[in-house]
Amino acid sequence: WRSPAGGCDCHFHIFGPFGRYPLSPRRSYTPSQPAPVAAYRRVADTLGLDRGIVVQASIHGTDNACTLDAVAELGPGYRAVVVVDATVTDADLRAMDARGARGVRFNIATGGGTPIDELDPIVRRIAPLGWHLQVFTTAQHLAELAPRLGRLPVPLVIDHMGGAQAADGTETAGVRALRRLLDAGRTWVKLSGYRASAGPPYSDVAPLARVLLAAAPERCVWGTDWPHPSMAADVPDDGELFDLLGAWAPEEATRRRVLVDNPAALYGFGAAASGT
């Protein structure tokens, strides 16, 4: 199946070329090759996706040039989630907003990102712009952080199904914390869930995905996580990942909500025309 018009890949990365966009010395992994815009376009075209969110890759640190240049190259149907630290200025934030940035990401799961003690001051800075906070964390850390995250004055987006693991079931402390955040009405979750799986064909993720879809169908979005960073083996096929979403959400109305309507609300796209 293919996406309805206006469908959005809400989580992918662009890497390199590394001579133009240097790698951060604090990175937790080194990609074997660049992941350029042209290669991503083939993925989006195959799946029928018109819109997308370029998420700043940890390998480029707080230098968001690669991500923002990719948004400009991809066109008006694309937005960015950037990574900043306490040195960012209000002028910097406004300039990134003008170039399509709509949120800031904190990577707590793999390390090397902005320190967690800078969370609150950065959130206060982005709130006037209407941006959201995106958090990549493990399920254990999410259970610990949830009360703090729930008090923040901006919308919250949780990466990769909250770091939950399918083998642990749907009643763990992390999943319960994620559901409480969803119930509060200001949290969104990304259904890029192959990292929750024991491995291909990723069918073990279905119960978790369906629990989240049932909890907040109006605040679930989906992403490929292309080019599947730090995976040396069993790199997923993006068409198979897209088929998983179709299995989790067999109803056309739910698929449209996840792929079109929810991203339009979260990232500020136009409601109807594709590529806007």
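Everything here concerns the structure above.
Given the structure is predicted, the values throughout are model-derived calculations rather than measurements. (Residues numbered from 1 in each chain as written. Predicted model: local features only at pLDDT ≥ 70, side-chain atom pairs only at ≥ 80, totals over all residues. Heavy atoms only, no water.)

**Student:** Got a sec to walk through the packing of helix H1 (residues 37-47) against helix H2 (residues 65-74)? Specific residues and values, please.
**Tutor:** In contact at an axis separation of 11 Å, H1 and H2 are set at 55 degrees when each is read in the N-to-C sense. Compared by their axis directions, H1 and H2 come out oblique. As H1 packs across H2, the resulting crossing turns out to be right-handed. Residues Val37, Tyr40 and Arg41 of H1 touch H2, and the partners they reach there are Ala70, Glu73 and Leu74. Class assignment of the residues belonging to the contact of H1 with H2 gives a composition of four nonpolar, no polar and two charged. (Axes fitted to C-alpha atoms, helices over the stretch in contact; angles between N-to-C directions. Helix = DSSP H or I, 4+ residues; strand = E, 2+ residues; numbered from the N terminus. Parallel < 35°, antiparallel > 145°, perpendicular 65-115°, else oblique. Left-handed = near helix turned anticlockwise from the far one by under 90°. Contact = heavy atoms within 4.5 Å. Nonpolar A, V, L, I, M, F, W, Y, C, P; charged D, E, K, R; others polar.)

**Student:** Give a detailed account of the sheet that holds strand S8 (residues 220-221), specifying residues and quantitative values.
**Tutor:** On the basis of which strands lie adjacent, the open sheet formed by eight strands has the order S1-S2-S3-S4-S5-S6-S7-S8 and parallel pairing. Edge positions in the sheet fall to strand S1 (8-12) and S8, since each has one partner strand and no second. When strand S6 (residues 156-158) meets strand S7 (residues 187-190), the two strands line up parallel, connected through three bridges. Residue pairing across strands places Ile158 opposite Val189, the latter belonging to S7. Those strands touched by H2 are S1, strand S2 (51-55) and strand S3 (78-82), and its axis lies near 175 degrees from that of S3. (Pairing = 2+ DSSP bridges.)

**Student:** Any chance you could break down the nonpolar core for me, citing the residues and the numbers?
**Tutor:** If you look at the biggest cluster of nonpolar residues, it comprises 78 residues, and the most contacted ones within it are Leu133, Trp222 and Trp248. No other element matches H1, which puts six residues into this core. Setting aside chain neighbours within four positions, we find Trp222 in contact with Cys8, Asp9, Cys10, His11, Leu47, Leu49, Leu191, Leu241, Phe242, Leu245, Val258 and Leu259. The next biggest cluster of nonpolar side chains, apart from the first, holds 12 residues, and it includes Val55, Trp188, Leu266 and Tyr267. (Core = buried A, V, L, I, M, F, W, Y, C linked by side-chain atoms within 4.5 Å. Buried < 20%, exposed > 50% of the residue type's maximum accessible area, 1.4 Å probe, protein only.)

**Student:** So what's going on with the pattern of salt bridges? Residues and values would help.
**Tutor:** A full pass over the atoms with the stated rule returns nine salt bridges. With a shortest N-O distance of 2.6 Å, Arg105 and Asp159 are connected by a salt bridge. Of this pair, Arg105 sits in strand S4 (residues 101-107) while Asp159 sits in the loop between S6 and helix H6 (173-184); the two residues are 54 residues apart in sequence, bridging distant segments of the chain. Here Arg105 and Asp159 have matching classes, each one buried. With its nearest N and O atoms 2.8 Å apart, the salt bridge here joins Arg219 to Glu218. (Salt bridge = Lys/Arg side-chain N within 4 Å of Asp/Glu carboxyl O.)

**Student:** Which residues make up the side chain of Asn262, and what values go with them?
**Tutor:** Its location among the elements puts Asn262 in helix H9 (residues 252-267). With a relative accessible area of 4%, Asn262 lands in the buried category. Here Asn262 is in contact with Trp188, Pro217, Glu218, Arg219, Cys220, Val221 and Arg257, once residues within four sequence places are set aside.

**Student:** Let's hear about unusual backbone geometry: which residues, and what values?
**Tutor:** Glycine aside, negative phi is the norm for most residues, and most peptide bonds take the trans geometry. The peptide bond linking Pro200 to Pro201 adopts the cis configuration, its omega dihedral lying at 5 degrees. Note that Pro201 resides in the loop between S7 and helix H7 (206-215). Backbone torsion omega between Trp226 and Pro227 reads 5 degrees, so that peptide bond is classified as cis. For His160, which is not a glycine, the phi torsion comes out positive at approximately 45 degrees. In this structure, His160 sits in the loop between S6 and H6. Phi at Met161 takes a positive value of approximately 55 degrees, unusual for a residue other than glycine. Counting through the fold element by element, Met161 comes out in the loop between S6 and H6. By relative accessible area, Met161 is classed as buried at 1%.

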